[in-house]
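Observations on chain architecture
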Amino acid sequence: VIRKDTFAPYTLLKNEKVEAEMSREEAIEQVVLASGDRDIFVSTTGMASRELYEIRDRGGATHEKDFLTVGSMGHASQIALSIALQKPDRRVVCIDGDGAALMHLGGLATIGTRGPENFTHVVINNGAHDSVGGQPTVALRIDLPAVARAAGYRSALTVRTADELRTALSKKEPGARLIEVRVKKGARKDLGRPKESPVENKKALMGFIQSR
């Protein structure tokens, strides 16, 4: 809609530092490495989906396993929930952001009360709306796992290191579960964008779901 560099650079008035070991991209890569061949991914809008796309490219993989929720902040978890309910024999992984999760907190209650056995909700938390300028969220000041447990998730926890994330992902616990991952702010300057259109992405995912 607006050409790149139309606006001058802006320095945030408040830029709280996040003490974290991993970047968001590194955390998403750990989630991908821990996944199975039949797992279905739904990722939130913005940088997270772009990073997931490039992680697949680097690994020589196709993109059919992933639904990139382009331009629909906060809706990834409900799309993932719907797939999980329709395909109970497939593990569904939602890669969400802290801002997106906060935007639709009611979605946590829907997930928790429906309680799909095959649903893993990974919330990448850097305390910022990183895809649109880094404006702060309040996610570092609230207990997201406690909110998830109160909403009915079977389990929920916070991890801060790659080892902790790998351990959490290795546990094959039934029921809806939430893993909050604390990460650094920012993204690579050379981060690319998906080459396929949203319609092509949707059709590829539908083919993957139906063929396996």
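Residues numbered from 1 in each chain as written. Predicted model: local features only at pLDDT ≥ 70, side-chain atom pairs only at ≥ 80, totals over all residues. Heavy atoms only, no water.

Turning our attention to the environment of Asn125. Counting through the fold element by element, Asn125 comes out in strand E4 (residues 119-125). Distance from Asn125 to Gly192, taken between C-alpha atoms, is 22 Å for residues 67 residues apart in sequence. With near-sequence residues (within four places) excluded, Asn125 lies in contact with Asp98, Ala139, Leu140, Leu144, Glu180, Val181, Arg182 and Val183. Side-chain polar atoms of Asn125 contact the backbone nitrogen of Gly127, separated by 2.9 Å. (Helix = DSSP H or I, 4+ residues; strand = E, 2+ residues; numbered from the N terminus. Contact = heavy atoms within 4.5 Å. Polar contact = N/O pair within 3.5 Å; in protein donor to acceptor, adjacent residues only side chain to side chain.)

For a regular strand, the rule is simple: side chains alternate between the two faces of the sheet. Most of E4 sits out of view: seven of its seven residues are buried. Residues Phe119, His121, Val123 and Asn125 line one face of E4 and the alternating positions Thr120, Val122 and Ile124 line the opposite face, and both faces are buried. In this structure, strand E3 (residues 92-97) lies alongside E4, joined through six bridges in parallel fashion. Looking across to E4, one finds that Val93 is bridged to Thr120. Note that E4 and strand E8 (residues 177-182) share six bridges and pair parallel. When the sheet's bridge partners are listed, His121 is paired in E8 with Leu178. (Buried < 20%, exposed > 50% of the residue type's maximum accessible area, 1.4 Å probe, protein only. Pairing = 2+ DSSP bridges.)

Two residues of an α-helix separated by three or four positions point the same way, owing to the 3.6 residues in each turn. Along helix H3 (residues 76-86), the positions that sit buried rather than exposed are Ala76, Ser77, Ala80, Leu81, Ile83 and Ala84. Along the axis of H3, the buried residues cluster in a sector spanning 165°; they form a single face. Tucked into the core, H3 has its buried residues touching strand E1 (40-43), E3, helix H5 (106-114), E4 and helix H8 (198-211). (Arc of directions from axis to C-beta.)

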